[in-house]
Amino acid sequence: MSTQVPRLFAGLVDDAAVFPPGSASLPDALAAHRRHRDSWYADLVGPLLLPATRLAELAALLDADERIAVGVIGDGPLDRLAEARAHADPRIEIRQVEAAVARRGEDPLPGLATLVDQARDAARPAAGSPAAGPDWYAEIPLTFGLTAALDALAAARADGVPIAAKFRTGGLAAELFPTPVELAAVIGACRDRDLPFKLTAGLHHATRHLDPETGFTHHGFGNVLAATLAATGGAETDRVAGLLAALDPLPLVEPVRARRDDERPLWIGFGSCSILEPLTDLIRLGLVNGGFDG
């Protein structure tokens, strides 16, 4: 039996072990990430996500010849991200930078402009070097100013800036969980602008479900994947919302299974404080073959 992770799931789950609700210590998170990267399911796993202010702490834990790919999450003023990147240990490869550009109810455009400028500067090649740098993601609240922010992101991408969108799909309050219709509309808006997006929070399991610990109904990453495949195929909002709202995995599994060998369209992936929970669900649904190797 093959244990290869199908192409559709490649890099789907970023390792957010240090973030709530897992909140692992950095030494424990690093040890677990090393195991993930050495495992048969390594292709499923994206970079280790880390607050910008903890890059030096990570460097102190690395072996002398070790290299690690990380995603930096802004946890301070946006204008400090460039400084954090500039002072990062050379053993740390910063593959992506993510930052919230506004809180709910605020205009996201000023913060977005700051982040776009940093992404543009980071993408400029140094003298005698090819253009290089991380991908950038602007976390935009699904409230005031959303449409204008998506338009601004699409315009920046058209101008060659390596930046895309990020949306929150959960958290510690009910209002942080978008409804299926709201999320479907956002996916459709990104599709219409050819704008890739990431998601964060709440997507530990494949199927939409009521979490007894939080008391909230969480979106399922399998729902999101099926919905995104439908949206990029031209489905209208009501069809996409129906897939996001499905509690039964059956209508989700077959369209996903049929596309397992394809590159994942539009949706970059999501961060999870657990890698094994999403992996276990993929195995149980028959979408990934394999077993735990310890």
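As shown above, the structure is provided for reference.
Residues numbered from 1 in each chain as written. Predicted model: local features only at pLDDT ≥ 70, side-chain atom pairs only at ≥ 80, totals over all residues. Heavy atoms only, no water.

Participant: I'd like a description of helix H5 (residues 146-158), backed by residues and values.
Facilitator: With 13 residues, H5 should reach 18 Å at 1.5 Å per residue; the first-to-last C-alpha distance of 18 Å fits that figure. Buried residues belonging to H5 abut helix H4 (109-123), strand S5 (135-139), strand S6 (163-168) and helix H6 (180-192). (Helix = DSSP H or I, 4+ residues; strand = E, 2+ residues; numbered from the N terminus. Expected span 1.5 Å × (residues − 1). Contact = heavy atoms within 4.5 Å.)

Participant: So what about the nonpolar core? Which residues, and what values?
Facilitator: Phe9, Leu58, Ile163, Phe167 and Trp267 are the most contacted members of the largest nonpolar core, which totals 86 residues. Per-element accounting of this core gives the leading share, eight residues, to helix H7 (residues 221-232). Not counting residues up to four positions away in its chain, the partners in contact with Trp267 are Leu12, Phe197, Lys198, Leu199, Leu203, Phe221, Val224, Leu225 and Thr228. (Core = buried A, V, L, I, M, F, W, Y, C linked by side-chain atoms within 4.5 Å. Buried < 20%, exposed > 50% of the residue type's maximum accessible area, 1.4 Å probe, protein only.)

Participant: Account for the packing of H7 against helix H9 (residues 250-257), naming residues and giving values.
Facilitator: In a packed pair of helices, the relevant descriptors are the angle between the two axes and the axis-to-axis distance. With their axes 9 Å apart at the nearest point, H7 and H9 run at an angle of 55° to one another. Taken together, H7 and H9 sit at an angle that is classed as oblique. For the crossing formed where H7 meets H9, the hand is left-handed. Listed contacts from H9 to Gly222, Asn223, Leu225, Ala226 and Leu229 of H7 are Leu252, Pro255 and Val256. Considering only residue class, the contact of H7 with H9 consists of six nonpolar, two polar and no charged. (Axes fitted to C-alpha atoms, helices over the stretch in contact; angles between N-to-C directions. Parallel < 35°, antiparallel > 145°, perpendicular 65-115°, else oblique. Left-handed = near helix turned anticlockwise from the far one by under 90°. Nonpolar A, V, L, I, M, F, W, Y, C, P; charged D, E, K, R; others polar.)

Participant: So what's going on with H4? Which residues, and what values?
Facilitator: When the terminal C-alpha atoms of H4 are compared, their 21 Å separation across 15 residues agrees well with the 21 Å that a helix rising 1.5 Å per residue should span. Along H4, the residues classified as buried are Gly111, Leu112, Leu115, Val116, Gln118, Ala119 and Ala122. All buried residues of H4 lie within an arc of 165° about the axis, which places them on one face of the element. At its buried positions, H4 is contacted by helix H3 (81-86), strand S4 (92-100), S5, H5 and S6. (Arc of directions from axis to C-beta.)

Participant: Pulling in residues and values, what's your account of unusual backbone geometry?
Facilitator: Cis geometry marks the peptide bond from Pro20 to Pro21; its omega dihedral reads 5°. Looking at where Pro21 falls in the secondary structure, it is placed in the loop between strand S1 (13-15) and helix H1 (26-37). Positive phi, close to 50°, is recorded for Asp194, a residue that is not glycine. Tracing the sequence through the fold places Asp194 in the loop between H6 and strand S7 (197-200). According to the relative accessible area criterion, Asp194 is exposed, its value standing at 63%. Positive phi, close to 80°, is recorded for Ala201, a residue that is not glycine. Relative to the assigned elements, Ala201 resides in the loop between S7 and strand S8 (209-210). With a relative accessible area of 17%, Ala201 lands in the buried category.

Geometric values such as these leave the question of function open.
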